[in-house]
Amino acid sequence: MVVRNVREDEGRALLEMLDALRLGSMGSNAITVRILAANDHDGVCSTQILVSVLHKKGVKYTVVPVSGNTEIIEQLQQLEEETEVRSVVLLNCGASLDLQQQMEESAAPANVKCYVIDAHRPFLLANMSKRSDRVVVYDDDPRLEDPTAPGARPPADDEDEDEALSDDEGAGAEDGEAHVWEGEAGAAGAAAVVDRIARKRHRQEDRIEKQKRKRQRINDYYLSSYCAMPAAVSLFKMARQAAPASQDLLWAAAVSLVGYHELGHIGKLEYDRLAWEELKEPLDRTDDFTLSSAPPSSVPSTDPGTGPSQGMASDDESTIPTARRRLPRSSAALGKQKLKFEAEFRLMLYKHWTLEESMLHSSYFYGALELHRDKGIRSLKNFFATAGISPSAYKQLYSGMPMPIRKTIQKKFSEHGKAYGLSKEKMFLQQFVRDLGPLGDAKQALWLQEISSSDAAHILFGVLGTVPASLSGTRVDLLPQVEGGRRDTAAINEIEREAMKENFWRAFDTILCKDPTALETGIKEAVEVAKAVQSLGRFIKDTKAMNKSSRFFWCKVEQPPHMFRHHLSVRRLAVWLLHVLFIDRPKSEEKERPMMVIVRDAVRETYLCVGATPNKMSDDRDEFGHLFRSVLRADRTLKYRYDFFDKSCIEIACDDFDRFWEILTDTA
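Rules used in this analysis
Residues numbered from 1 in each chain as written. Predicted model: local features only at pLDDT ≥ 70, side-chain atom pairs only at ≥ 80, totals over all residues. Heavy atoms only, no water. Buried < 20%, exposed > 50% of the residue type's maximum accessible area, 1.4 Å probe, protein only. Helix = DSSP H or I, 4+ residues; strand = E, 2+ residues; numbered from the N terminus. Pairing = 2+ DSSP bridges. Axes fitted to C-alpha atoms, helices over the stretch in contact; angles between N-to-C directions. Parallel < 35°, antiparallel > 145°, perpendicular 65-115°, else oblique. Contact = heavy atoms within 4.5 Å. Nonpolar A, V, L, I, M, F, W, Y, C, P; charged D, E, K, R; others polar. Left-handed = near helix turned anticlockwise from the far one by under 90°. Phe/Tyr/Trp six-rings, centres within 6.5 Å; stacked < 30°, edge-to-face > 60°. Lys NZ or Arg CZ within 6 Å of the ring centre and 35° of its normal.

A. Examining the pairing of strand 14 (residues 595-601) more closely. Extensive coverage of strand 14 is indicated by the burial of six of its seven residues. Strand direction decides the pairing type here: strand 13 (residues 553-557) and strand 14, joined by five bridges, are parallel. From the neighbouring strand, Cys555 faces strand 14, where its bridge partner is Val597. Across seven bridges, strand 14 lies against strand 15 (residues 606-612) in antiparallel orientation. Paired with Val599 across the two strands is Leu608, which belongs to strand 15.

B. Seen up close, the packing of helix 17 (residues 453-464) against helix 19 (residues 516-542). The geometry of helix 17 relative to helix 19 is characterised by a closest axis approach of 8 Å and an angle of 80 degrees between their N-to-C directions. Compared by their axis directions, helix 17 and helix 19 come out roughly perpendicular. Along the contact surface, helix 17 presents His458, Ile459, Gly462 and Val463, while helix 19 presents Leu519, Gly522, Ile523, Glu525, Ala526 and Val529. When the residues that make up the contact of helix 17 with helix 19 are grouped by side-chain class, the tally is six nonpolar, three polar and one charged.

C. Structural detail: the packing of helix 17 against helix 18 (residues 489-510). Close contact between helix 17 and helix 18 brings their axes to 8 Å; oriented N to C, the two are set at 155 degrees. Between helix 17 and helix 18, the angle falls in the class roughly antiparallel. Here helix 17 runs over helix 18; the crossing is right-handed. Contacts between helix 17 and helix 18 pair Ile459, Leu460, Val463 and Leu464 from the former with Met500, Asn503, Phe504, Arg506, Ala507 and Thr510 from the latter. Its residues assigned to classes, the contact of helix 17 with helix 18 shows seven nonpolar, two polar and one charged.

D. Structural detail: the packing of aromatic side chains. Tallied over the entire structure, the rule returns 28 aromatic pairs. Where Phe383 meets Tyr420, the ring centres are 5.6 Å apart and the plane angle is 80 degrees; that geometry is what we call edge-to-face. Separated by 37 residues along the polypeptide, Phe383 in helix 13 (residues 374-387) and Tyr420 in the loop between helix 15 (403-416) and helix 16 (424-427) bring together distant segments of the chain. One aromatic cluster is present, formed by Phe345, Tyr350, Tyr364, Phe365, Phe383, Phe384, Tyr394, Tyr398, Phe413, Tyr420, Phe428 and Trp447 through successive ring pairs. A cation over an aromatic ring shows up here: Arg406 above the ring of Tyr398, its NZ or CZ 5.8 Å from the ring centre. Positioned over the ring face of Phe553 is Arg593, at 5.7 Å from the centre of the ring.

Here it is in structure tokens:
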């Protein structure tokens, strides 16, 4: 195993990975690089960056979206027969799986190496052991620059070295003791032997104590999970050095970063620091930024095992599935796109929706104004009146608002918001905004002239979280069945897997904001998710379904809307509840605690549990993963799924949930 620190030399370690991928492809016309990308927003953004760079370097690759460690294992098992593959790149996944062991068990060719770029922490220590000589982990975590910080990573091989040292020391001591006993006589000799025995006992006690401290350090390391540098931001460092910097790739990195903040994985302080240091400063000091990354005309979207014509990056459009072909874009439309870094509203999609609806569905404004109450709705209308925004303006799409209001809307909120309990610091977020130029002419009503990175992230969430209507919990009688009338679990899983892959590629085609039709569809899906989150959140509040344990708040939903079959939508709900009910609620009497949302999946006959933790200053560590693992160790008969890359998510069979919950609450 090799652990490379990406924080040194502005990410040159990733340039070495790029050189290794390029050298591995030389002398071969086959696909030599397989990219396993997490089916999340960072996986989409990092894939955009990596495939753009590989395309420019002439490296052939295939991309396979994966939703869990099980799918990674399945891909590694295919390597035994696919001898052309020499490199496997894991984007925002793989760090929690023992890759060396899996490659050995899969009989992958000895020359295949895994390159891991993953934001999820903690890394599995086995992946960082010197025994894992086929795994290269790229570490980009500013928190670990202080080795004494809480949860600091212990050396992966220290324990084995200490055990070997202990054996050697023990043997030497015994030999010495025997030699002295035979060579000395009388009281002096006996005293010397007693002294040596006492020293040996002290050494053994010291070794035991040292091993206890190391075990405790390892336990502390695995105690909490968090997200470090987004994979897309790390790869942007590589892209800047591999070729002239591109606004397309910077945009992908910016959307990835703000997405982690919107999902509650990265706190405000950490987001601001990374946005300025990793993205804003490079943009300011780079004179040769190009407008477009000139990405490949296509990217393969299917599993490479489904057919050779669909498993390679090809310049021949006849071999590309229709859904993956890119529509031509005019040079004028591309040439006028540009990026700005500025304070923008934390109002979800307000430029592509009505101002009123956006405020009703944005967690900060909903919580601060208490819009679940009639009093809050009256306060909102009074605020609009005080700010000089008429009902005809705030009830129509942003594109239809009078120009004077559009130009002064931020000023109005800043001047009048404080009287209604709105904080300027929380109303705005410094973020990148993309000017789409003439592209907006295609969908003028949706105001596609510009889009913020946070809105782009919400669009990705909406696309990635889409669940096929054929797998709705309200239509269980129409689900695939096997003989005897039982549900065909394998067929259901396969339908879901293919749908998730299709979602990934739709998000991939949407992220750069160059297709107005894809943007329009994404906005509609994001709006539907926002409405569902607000509606279910209000139902939980009104029915007093929120409960409190000793360490976290929790609620259980037995009949959730269809879209909450996806863990991403459930996380959105958990974060929304956390902010509305506690963090952003004025004069909240409850102390902030983590939040767990439990929803029943009638299709899979499971309960999906997703935890969210409030961001306190710069610390956003989450302990739900530790709690879940403690339960699974306590009762090994539970039926569950726990291969999510986000370790605050777990799926428990309905029949076993009561036992799971009893142990969990006892542990907490």
